[in-house]
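Understanding the architecture of this molecule
Listed below are the residues making up each chain.
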Amino acid sequence: MQAHDVYRTMVDLVGLAARFDGAVPADAHSDWTLAVPCEADRFVWVSTKARPLRIGSGSVVEYLEPGDAALIRSDGEVTIQTGPDGSGPPRVDESFVELLRETGLLGASDDPDSFADSGVFYGTAAFGALEPEVLALPSALNSSQWTPTTMVVREAHQLLDDLAAGHRAGPQRDALARVVVTALVDGWTPPALRDGSLSRALERIVHAEQPVPVGELARITNVTDRTLLRRFRAATGRTPDGFQRWWRSLPVRRALLDGEDECAVARASGYSSVRAMRRSLERVARADPFARMSDPDHEPRHSRSGSDIPETGCRSASGGWASW
């Protein structure tokens, strides 16, 4: 397992949903500006085949060259622009539409926009609530920054283009939207993974079913215990033990944020009780203020200490991780 696979595990823990929203309905060489409404802190992805684009949201601006794609964090609306400021919304030339009708290529019930050839596709992407803490994605990602991403994006764009005429291609387009988004995200390295010397230690932690002693992590990293502690603090802001507790908390916290029953989560995670699970999570939160438990509307869920949370009736045999 490589560090890249640790990152993919992080993405899976956070969760990602991507959707294809459409092809911009515009003539190939016209100037236009499209405003895409999108909930704040979600993302809009855009890929372009032949036109340079300017994409913006709030103070963030990204420029795309033909054949590239970008992922941009929304502040409520994302604009996609081909021409100068003040360009109108995208449209299909009426004379072209009339020609299609006269030649019989466009029926009375057909949508003229389906014959547009702007070569620009866009959609939305949403990550789970743990994204800022685990992935720390920037406000924008551009495929031009990493050649492998560009190659994947162009292949996905061509497949989206091939599906343009299909009326039942929704699931395939959404799948390709995810390909575009994951390719863009794969070009990013979270802060915790930037020290390559820790790769083997992180891989060991990710696969461990029990806590891994600092001495073992130092040995496989080929450094002293002190050096390992220093590097872990510099890269992750945590000690090796603290990082393991934080990592262990991620699937538990995601399950709770997704609304799963606390008793079921505690049992599935190997905790002896809900109280034990909450105490473990509170320990992580005290060590890392960014790891505060929140419910889906961002209200604190740990206002009480573990000692004054009512005990529930569910119990299970505690494992090495849960009792640590």
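Notes on the structure follow. (Residues numbered from 1 in each chain as written. Predicted model: local features only at pLDDT ≥ 70, side-chain atom pairs only at ≥ 80, totals over all residues. Heavy atoms only, no water.)

Digging into the overall build of the protein
We count it as follows: To qualify as a helix, a DSSP run of H or I must reach at least 4 residues; to qualify as a strand, a run of E must reach at least 2; elements of each kind are numbered from the N terminus. Exposure classes here rest on a 1.4 Å probe applied to the protein chains alone. A residue is buried below 20% of its type maximum, exposed above 50%, and partly exposed in between. Note that accessible areas follow from Shrake-Rupley with a 1.4 Å probe, and for residues the cover is restricted to the protein chains shown.
A count of helices and strands for the protein gives 11 helices and nine strands. Scored against the burial criterion, the 324 residues of the protein give a buried share of 46%. Accessible area for the protein stands at about 16,300 Å²; split by element, carbon and sulfur atoms hold 50% of it.

Details of the sheet that holds strand β4 (residues 53-57)
The condition is simple: Paired strands, in this sense, are two strands between which DSSP finds at least two bridges. Interaxial angle, 0 to 180 degrees, is taken between N-to-C directions of lines fitted to C-alpha atoms, where a helix line uses only the stretch in contact.
Read from one edge of the open sheet, four strands run β2-β7-β4-β5, paired in antiparallel fashion. One side of each edge strand has no neighbouring strand; the edge strands of this open sheet are β2 (33-37) and β5 (60-64). Sheet twist, expressed as the mean angle between neighbouring strand axes with direction ignored, is 20°. Direction of pairing for β4 relative to strand β7 (residues 77-81): antiparallel, over a ladder of three bridges. Bridging across to β7, R54 finds its partner in Q81.

Let's talk about the nonpolar core
Rule in force here: Nonpolar cores are built from buried Ala, Val, Leu, Ile, Met, Phe, Trp, Tyr and Cys residues. Side-chain atoms within 4.5 Å join them into one set. Only heavy atoms matter for contacts: two residues are in contact if any of them lie within 4.5 Å across the pair.
In this structure, L71 and F127 are the most contacted members of the largest nonpolar core, which totals 54 residues. Of all the elements, helix α5 (residues 170-186) adds the most residues to this core, at seven residues. Beyond its immediate stretch of four places on either side in the chain, L71 contacts F43, V44, W45, A125, F127, S139, A140, L141, V181, L184 and V185.

Things to note about the pairing of β5
Taken together, the five bridges between β4 and β5 define a ladder with antiparallel strand orientation. Counterpart to I55 in the pairing with β5 is E62. Here β4 hands over to β5 after two residues, with G58 in that stretch at a positive phi of 65°.

Let's talk about the packing of helix α9 (residues 240-257) against helix α11 (residues 274-287)
Here is the rule we go by: Geometric relationships in this document are graded by angle, where less than 35 degrees denotes roughly parallel, more than 145 denotes roughly antiparallel, 65 to 115 denotes roughly perpendicular, and other angles denote oblique. Note on convention: the crossing is left-handed when the near helix lies turned anticlockwise from the far helix by less than a right angle, right-handed when the turn is clockwise. Classification used: nonpolar for Ala, Val, Leu, Ile, Met, Phe, Trp, Tyr, Cys and Pro, charged for Asp, Glu, Lys and Arg, polar for all others including Gly.
Where α9 meets α11, the closest approach of the two axes is 10 Å, and the angle between their N-to-C directions is 120°. If you check the angle between α9 and α11, you find them oblique. Between α9 and α11 lies a crossing whose hand is left-handed. Of the residues in α11, those touching α9 at R245, W246, S249, V252, R253 and L256 are M277, L281, R283 and V284. Grouping the constituent residues of the contact of α9 with α11 by class yields six nonpolar, one polar and three charged.

Quick word on the packing of aromatic side chains
Put simply, the rule reads: Ring geometry is summarised as follows: Phe, Tyr and Trp rings, the Trp one being its six-membered ring, pair when their centres sit within 6.5 Å, and such pairs are stacked at plane angles under 30 degrees, edge-to-face over 60 and tilted between the two.
One pass over the structure, following the stated rule, counts seven aromatic pairs. Each ring, one from F20 and one from W45, has its centre 6.3 Å from the other, and the planes form 40°; the classification is tilted. Placement of F20 in strand β1 (residues 16-23) and of W45 in strand β3 (residues 43-48) is noted, with a sequence separation of 25 residues between them. As far as burial versus exposure is concerned, F20 and W45 are alike and both buried.

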